[in-house]
Amino acid sequence: MKKDITIPKVENVYVAAIQEWNDDFMENSWYAYLINDSDVKLEMALVVSRAYGQINGEDRKTGTFRHAFKEVEPNSVVKIELLENNVLQLNNEFMVTYFQDGKLFDKTYVFRTNTINDRALVDLPVLTKRGILGK
């Protein structure tokens, strides 16, 4: 029975952390983005995010946030959420689920503790910006 179940591999879909100016805080802030670098739109994309880890030997975790996007067009991006500075020292996890061509896809992207920083910037697909890709 298990051999009959095929789980499609997620390709060309990413979660990235990008630093942008924030008018509310009057400083550069990190934001999470969902990137669709494929030629097919994502339908019913759901992103569930949370942060967890230890600070000074004490277990910490944030609440769980849920975001829904009816469609993410091919070769486009959508902003997911602001990443507050105090959660950057935790593991930031983004569970992404979506339909593409009638198939269900699912992948969890994680930014490990303190990996969201200026020294880790890379060129991002679709965007002309630099940022950090979740693994």
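In this text, all values refer to a predicted model and were calculated from it rather than measured experimentally.

Conventions and cut-offs
- Residues numbered from 1 in each chain as written.
- Predicted model: local features only at pLDDT ≥ 70, side-chain atom pairs only at ≥ 80, totals over all residues.
- Heavy atoms only, no water.
- Helix = DSSP H or I, 4+ residues; strand = E, 2+ residues; numbered from the N terminus.
- Core = buried A, V, L, I, M, F, W, Y, C linked by side-chain atoms within 4.5 Å.
- Buried < 20%, exposed > 50% of the residue type's maximum accessible area, 1.4 Å probe, protein only.
- Contact = heavy atoms within 4.5 Å.
- pLDDT = per-residue confidence, 0-100.

1. Remarks on unusual backbone geometry
Item 1. The phi dihedral of Met 26 falls on the positive side, at around 55°, and the residue is not glycine.
Item 2. The topology assignment puts Met 26 in the loop between strand 1 (13–22) and strand 2 (27–36).
Item 3. If you check the backbone angles, Asn 75 has positive phi at about 50° while not being a glycine.
Item 4. Relative to the elements of secondary structure, Asn 75 occurs in the loop between strand 5 (65–72) and strand 6 (76–83).

2. What to know about the nonpolar core
Item 1. Within the largest apolar cluster, 24 residues are counted, with the highest numbers of intra-cluster contacts made by Val 15, Leu 34, Leu 83, Phe 94, Tyr 98 and Ile 116.
Item 2. Elements represented by at least two residues in this core include exactly strand 1, strand 2, strand 3 (42–55), strand 5, strand 6, strand 7 (91–100) and strand 8 (103–111).
Item 3. In this view, Leu 34 contacts Val 13, Tyr 14, Val 15, Leu 42, Ala 45, Val 47, Val 72, Ser 76, Val 77, Val 78, Ile 80 and Val 96; residues no more than four positions away in its chain are not counted.
Item 4. Counting six residues, the second largest nonpolar core, distinct from the first, contains Ala 16, Ile 18, Tyr 33 and Ile 35.

3. Some thoughts on the confidence of the model for the protein
Item 1. With 98% of its residues at a pLDDT of 70 or more, the protein shows a mean pLDDT of 94.
Item 2. Here strand 4 (residues 58–61) stands out as the element of the protein with the lowest mean pLDDT, 95, in contrast to strand 5, whose mean of 98 is the highest.

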